[in-house]
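If you want the building blocks of each chain, they are given just below.
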Amino acid sequence: VSAETNAVAERSRAQRLAAELGGLGVDALLVDSLTDVRYLAGFSGSSALVLIVGDGLSGALERHRFLTDFRYTAQSAEQVPATFDREIVSGELFDGLAALLADAGAGRLGFDEANVTVRGHRRLGELLGESWELVPCNGAVARLRAVKEPVEVERMRAASELADEALSGVLEAGLAGRTELDVAIELELRIRRLGADGPSFAPIVASGAHGALPHAEPRDVQIPRDVLVTIDWGARHEGYCSDCTRTYASGEGISARAREIYALVLDAQEQAMHALAAGRSGREMDAVARDVIDAAGHGEHFGHGLGHGVGLEVHEAPRLSRLASEDPLVAGHAVTVEPGVYLPGELGVRIEDLVIVGTAANDVLTGLSKTLTVIG
Ligand code: ZN
Ligand code: ZN
């Protein structure tokens, strides 16, 4: 992907956001989550904020601003497109922002409550005084980020393919007799060797009863033969994440119970995959899988939501859960479908695919088989 393609994408993101500000009732929007800054301005450093200027503002504040400190003078010159006026601030970024806004007179400044800390908000309030009113504008960038452009989908596809290849390599040496930790470390190593930025999160490798913990940490404990092993992992490639889970058997002799639960989770997962479509809500989607698991009497053992958005972050909007909004999913949403059943002290199964919601057909980024597979 060329830098030019990136610059075009970033310009259009900033413009789309600017066009929404009127509807949100603000004149400008403060963006200070570094992930949002990366999305809008292509900057990958660790100190920056962006000010998106609405169409209504003119005079001193006509153009979008990118603020960083002196350490990032060179990097920002290289990464930030000309859509933004760059300001190198000496001292606190909020002080630089306040100075800009003071020059522009008065207005309403939107911010995201999920990103600006209470302390930051107080500080900003003091700096801006009476002239600029701080207005909560939550999720404006998150909603934009949730809908992936083709260039983002291709990065996520590459991340998924890389993650699949890394796991396939790890599984060649088998599972039984190795420690969970050893499997996790080798997986991370292979992800890096294959050219990813790194893993998108610390891999989960959980065998036997440990698999009943959805967020189990890999232990320095040997994986026994004839148990289920849940592996949840992903790669980050050019900033974009993948996320996948497979549950394997470490021998032919797994219990009838293990086979039964695996078949149930697979059924729920496939029904949800089949139902996933633009126009349906995240709450509806969760119910599709939950109904299958409920009907088998395991409702209480499916203790998390069906899935989540993925992109620059491994967990982002939209959500697929009982608590999710009734807003319809739209083409371009990148979501996971990951039902699980966890029997405390006994076993756990989770199966997760990463999918781009499509207008006609969905685009499944995960390539590994979901048929119960024995990796001895
Ligand atoms: Zn996962
Ligand atoms: Zn996930």
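Residues numbered from 1 in each chain as written. Chains lettered and ligands numbered in written order. Predicted model: local features only at pLDDT ≥ 70, side-chain atom pairs only at ≥ 80, totals over all residues. Heavy atoms only, no water.

1. Examining the overall build of the chain
Heads up, the condition is: Counting from the N terminus, the helices are DSSP H or I runs at least four residues long and the strands are E runs at least two residues long. Both definitions apply: the radius of gyration is a C-alpha atom measure, and the globule rule equals 2.2 Å times residues to the power 0.38. Whether a residue is buried, partly exposed or exposed follows from its accessible area with a 1.4 Å probe, protein chains only, as a fraction of its type maximum: under 20%, in between, or over 50%, in that order. By definition in these notes, contact holds between two residues if any of their heavy atoms fall within 4.5 Å. Note on areas: Shrake-Rupley with a 1.4 Å probe; residue coverage comes only from the protein chains shown. Counted as positive: Lys and Arg. Counted as negative: Asp and Glu, with His and the chain ends omitted from the count. Where a charge sits is defined by one atom per residue type, namely NZ (Lys), CZ (Arg), CG (Asp) or CD (Glu).
In terms of regular secondary structure, the chain is built from 10 helices and 19 strands. Relative to the compact-globule value of 21 Å for 376 residues, the chain shows a C-alpha radius of gyration of 23 Å, a close match. In terms of its C-alpha atoms, the chain occupies a principal-axis envelope of roughly 75 × 40 × 40 Å. In the chain, which comprises 376 residues, the proportion classed as buried is 55%. Long-range contacts, defined here as pairs at least 24 residues apart, represent 68% of the contacts in the chain between residues at least 6 apart. When the accessible surface of the chain is summed, it comes to about 15,800 Å², and 50% of that surface belongs to carbon and sulfur atoms. Each charge class in the chain can be summarised by its mean position, and for the 34 positive and 56 negative side chains these summaries are 1 Å apart.

2. Comments concerning the coordination of the zinc ion (ligand 2)
As a reminder of what qualifies: Coordinating donors are taken as N, O and S atoms within 2.8 Å of the metal, stretched to 3.2 Å for Na, K and Ca; because water is absent from the atoms, sites can appear incomplete. Any site counts as irregular unless it has four donors with all angles between 85 and 135 degrees, making it tetrahedral, or four or six donors with opposite ones more than 155 degrees apart and the rest between 65 and 115, making it square planar or octahedral.
Coordination sphere of the zinc ion (ligand 2), protein contribution only: Asp243 (OD), His308 (NE2), Glu338 (OE) and Glu352 (OE), at 2.1 Å. For the zinc ion (ligand 2), the four donor atoms in the first shell make angles of 79 to 152° at the metal, so the coordination geometry reads as irregular. A separation of 3.1 Å is found between the zinc ion (ligand 2) and the zinc ion (ligand 1), which are bridged by Asp243. Here Asp243 is found in the loop between β11 (240–241) and β12 (244–249), whereas its partner Glu338 is found in the loop between β15 (334–337) and β16 (340–343), with 95 residues between them in sequence. Comparing Asp243 with Glu338, the two get one shared label, buried.

3. A closer look at the packing of helix α9 (residues 256–275) against helix α10 (residues 282–295)
Using the following cut-off: A fitted line through C-alpha atoms represents every axis, and for helices the fit uses only the stretch in contact; the resulting angles, taken between N-to-C directions, go from 0 to 180 degrees. Roughly parallel means an angle under 35 degrees; roughly antiparallel means over 145; roughly perpendicular covers 65 to 115; every other angle is labelled oblique. The hand of a helix crossing depends on one turn: near helix anticlockwise from the far one by less than a right angle means left-handed, and clockwise means right-handed. Residues are sorted three ways: Asp, Glu, Lys and Arg are charged, Ala, Val, Leu, Ile, Met, Phe, Trp, Tyr, Cys and Pro are nonpolar, and all the rest, Gly among them, are polar.
Across the interface, α9 lies against α10 with an axial gap of 8 Å and an inter-helix angle of 155°. Between α9 and α10, the crossing angle belongs to the class labelled roughly antiparallel. Between α9 and α10 lies a crossing of right-handed hand. In this structure, α9 uses Leu264, Asp267, Ala268, Gln271, Ala272 and Ala275 to contact α10, whose residues at the interface are Met285, Val288, Ala289, Val292 and Ile293. A per-class count over the contact of α9 with α10 returns nine nonpolar, one polar and one charged.

4. Observations regarding the coordination of the zinc ion (ligand 1)
Six octahedral donors around a metal ideally make angles of 90 or 180 degrees; four tetrahedral donors ideally make 109.5 degrees. Only Asp232 (OD), Asp232 (OD), Asp243 (OD) and Glu352 (OE) from the protein reach the zinc ion (ligand 1) as donors, at distances of 2.0 to 2.7 Å. Of note is the zinc ion (ligand 1), whose four donor atoms meet at the metal with angles of 53 to 149° in an arrangement that counts as irregular. Going along the chain, you hit the donors of the zinc ion (ligand 1) in the pattern D-x10-D-x108-E. Accessibility expressed as a relative area gives 7% for Asp232, which makes it buried.

5. What about the nonpolar core?
Keep this limit in mind: Definition used in this section: a nonpolar core is a set of buried Ala, Val, Leu, Ile, Met, Phe, Trp, Tyr and Cys residues joined via side-chain atoms within 4.5 Å.
The biggest cluster of nonpolar side chains holds 35 residues, and the ones touching the most others in it are Leu29, Leu40, Val50, Ile52, Phe66 and Phe84. Of all the elements in the fold, those that place two or more residues in this core are α1 (3–24), β1 (28–31), α2 (34–41), β2 (48–53), α6 (140–146), α7 (150–171), β11 and β18 (353–356). The residues touching Phe84, leaving out its near neighbours within four places in the chain, are Ala14, Leu40, Ala41, Val50, Ile52, Arg63, His64, Arg65 and Phe66. Counting 32 residues, the second largest nonpolar core, distinct from the first, contains Leu266, Ala268, Ala275 and Phe302.

6. Some points on the side chain of Arg65
Worth spelling out the cut-off: We define a polar contact as two N or O atoms separated by no more than 3.5 Å, with the added condition that, inside protein, one atom must be a possible hydrogen donor and the other a possible acceptor, whereas residues neighbouring each other in sequence contribute only through side-chain atom pairs.
Of note, Arg65 is situated in strand β3 (residues 64–69). Arg65 gets classed as buried once you look at its relative accessible area, which sits at 9%. Here Glu87 takes part through its side chain, which lies 2.7 Å from a polar atom of the side chain of Arg65.

7. Some details on the sheet that holds strand β10 (residues 235–237)
Where we set the bar: For two strands to be treated as a pair, DSSP must find no fewer than two bridges joining them.
Sheet architecture is open: three strands sit in the order β7-β10-β11, paired in antiparallel fashion. Either end of the sheet is taken by a strand with one partner, and the two such strands are β7 (198–199) and β11. Direction of pairing for β10 relative to β11: antiparallel, over a ladder of two bridges. Residue pairing in the sheet places His237 in a bridge with Tyr240 of β11.

8. Looking at empty space enclosed by the protein
To keep it simple, the criterion reads: Any residue with an atom within 4 Å of a point lines the site, the site being either a cavity, points on a 1 Å grid over the protein atoms alone where a 1.4 Å probe fits but cannot get out, or a pocket, an open set with protein on both sides within 12 Å along at least 5 of 7 lines. Grid points are joined across faces, edges and corners, and a volume is the space filled by probe spheres set on the points.
Under the criterion given, the structure shown has one cavity of 30 Å³ or more. Together, Leu29, Leu30, Val31, Asp32, Asp36, Phe111, Asp112, Asn115, Cys137, Gly139, Ala140 and Val141 line the largest cavity. Listing elements by their share of the lining of the largest cavity, those giving two or more residues are β1 and α6. In terms of residue count, β1 provides more of the lining of the largest cavity than any other element does, three residues in total. For the lining of the largest cavity, the class distribution of residues is seven nonpolar, two polar and three charged.

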